[in-house]
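Architecture at a glance
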Amino acid sequence: MSQKLVVIGASTGGVEALETVFSQFPADIPPVLVVQHMPIGFTDILAKRFNLQFKFNVKEAREGDEIKAGQILIAPAGKHMQISKKNGRDLVETFVGPKVQYSMPSVDVLFESVAKHIKDKAVGVILTGMGADGADGLLAMKNAGAATIGQDEKTCAIYGMPKVAMDMGAVMYQLPLNKIADKILTLAKGASK
């Protein structure tokens, strides 16, 4: 991947937050993977809505999907999503497993697989949400050399997940929601951290 992989985790208030971020993206976006906590069935509806709304391709992730620029893959509700490398290609794996941080999909599962396989060629973003899902994974990404972003308290619907990540030192850039898209794009182009 010439551009870095962008991975985003969100929960309560996340749909609106994602919409704000995506509305500032150009058509030629870097590859993006998203975990948004939702009930089963709703992630497919969300992906279809975003696909109609924006200039890039948005779809619910399926087992074996290739990770590529110009596309956003949203983890299917009721399954974890992680990255695997096969024949030199970065692919998505989806699977049913134990809940992590009370969630499936779990942001931590995705972020930890990115820390393992993509290392410093990634940007991790934690948006509004209750609980702590994603904080451990974001720290693992930072420790692997990735750039990390957390939404600030003022613009969060619920300052839970980003607060835990911030408190444990996983967040390199804490930003208001309207500044996150620009920072993602700058970092994904490989600009210095």
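This report concerns the structure included in the present document.

Topic: the environment of Leu138
- Within the secondary structure, Leu138 is located in helix α4 (residues 135-143).
- Taking the C-alpha atoms as reference, Leu138 lies 5.7 Å from Ala170; in sequence the two are 32 residues apart.
- When residues no more than four places from it in sequence are discounted, the contact partners of Leu138 are Phe111, Gly124, Val125, Ile126, Thr148, Ile149, Ala165, Ala170 and Val171.

Re the packing of aromatic side chains
- According to the stated counting rule, one finds seven aromatic pairs in the structure shown.
- Consider the rings of Phe50 and Phe54, whose centres lie 5.6 Å apart with planes at 55°: the pair is tilted.
- The class for Phe50 is buried, based on a relative accessible area of 0%.
- Judged by centre distance (5.5 Å) and plane angle (15°), the ring pair of Phe54 and Phe56 falls under stacked.

Details of the packing of helix α3 (residues 107-117) against α4
- Contact pair α3 / α4: the axes reach a minimum separation of 7 Å and the direction vectors enclose 10°. If you check the angle between α3 and α4, you find them roughly parallel. Judged by residue contacts, Asp108, Phe111, Glu112, Val114 and Ala115 of α3 engage Ala135, Asp136, Gly137, Leu138, Ala140 and Met141 from α4.
- Considered class by class, the residues forming the contact of α3 with α4 number seven nonpolar, one polar and three charged.

Let's talk about the pattern of salt bridges
- This structure, assessed with the given rule, holds nine salt bridges.
- A salt bridge links Arg49 to Glu19; the nearest nitrogen and oxygen atoms lie 3.1 Å apart. Separated by 30 residues along the polypeptide, Arg49 in helix α2 (residues 42-53) and Glu19 in helix α1 (residues 14-22) bring together distant segments of the chain.
- Accessibility expressed as a relative area gives 23% for Glu19, which makes it partly exposed.

Describing the side chain of Thr43
- Summarising the element assignment, Thr43 is placed in helix α2.
- The buried category is assigned to Thr43, whose relative accessible area is 0%.
- Those residues within four positions of Thr43 in sequence are excluded, and the remaining contacts are Gln36, Met38, Glu60, Ile74, Ala75, Pro76 and Ala77.

What to know about the pairing of strand β7 (residues 122-126)
- Counted residue by residue, β7 has five buried out of five residues, so it is predominantly covered.
- Where burial is concerned, the two faces of β7 agree: the one with Ala122, Gly124 and Ile126 and the one with Val123 and Val125 are both buried.
- Here strand β1 (residues 5-10) runs beside β7; their pairing, made up of five bridges, is parallel. Bridge pairing links Leu5 to Ala122 in β7.
- As judged from the four bridges shared by β7 and strand β8 (residues 147-151), these two strands associate in the parallel manner. Across the sheet, the residue bridging to Ile126 is Gly150, located in β8.
- Between the parallel elements β7 and β8, the chain passes through α4 in a crossover that is right-handed.

Side note on α1
- The set of residues buried in α1 consists of Gly14, Val15, Ala17, Leu18, Val21 and Phe22. Down the axis of α1, the sector holding all buried residues measures 160°, keeping them to one side.
- Taken together, the buried residues of α1 touch β1, β2 (32-36), α2, β4 (71-74), β8 and α6 (177-188).

Re the nonpolar core
- Ranked by internal contacts, the top residues of the largest apolar core, which has 34 residues, are Ile8, Phe22 and Phe25.
- Looking at this core, the element that brings in the most residues is α6, giving seven residues.
- Those residues in contact with Ile8 that lie beyond four places of it in its chain are Leu18, Phe22, Val32, Leu33, Val34, Val35, Phe111, Val125, Leu127 and Ile184.
- Within the second largest apolar cluster, 27 residues are counted, among which are Ala61, Val92, Ala165 and Val171.

Considering unusual backbone geometry
- In this model, Met104 is joined to Pro105 through a cis peptide bond whose omega is 10°.
- Residue position: Pro105 is located in the loop between β6 (89-95) and α3.
- Phi at Asn87 is positive, roughly 50°, even though this residue is not glycine.
- Position of Asn87 among the secondary structure elements: in the loop between β5 (80-86) and β6.

About the criteria used
- Residues numbered from 1 in each chain as written.
- Predicted model: local features only at pLDDT ≥ 70, side-chain atom pairs only at ≥ 80, totals over all residues.
- Heavy atoms only, no water.
- Helix = DSSP H or I, 4+ residues; strand = E, 2+ residues; numbered from the N terminus.
- Contact = heavy atoms within 4.5 Å.
- Phe/Tyr/Trp six-rings, centres within 6.5 Å; stacked < 30°, edge-to-face > 60°.
- Buried < 20%, exposed > 50% of the residue type's maximum accessible area, 1.4 Å probe, protein only.
- Axes fitted to C-alpha atoms, helices over the stretch in contact; angles between N-to-C directions.
- Parallel < 35°, antiparallel > 145°, perpendicular 65-115°, else oblique.
- Nonpolar A, V, L, I, M, F, W, Y, C, P; charged D, E, K, R; others polar.
- Salt bridge = Lys/Arg side-chain N within 4 Å of Asp/Glu carboxyl O.
- Pairing = 2+ DSSP bridges.
- Right-handed = clockwise from strand over helix to strand, strands pointing away.
- Arc of directions from axis to C-beta.
- Core = buried A, V, L, I, M, F, W, Y, C linked by side-chain atoms within 4.5 Å.

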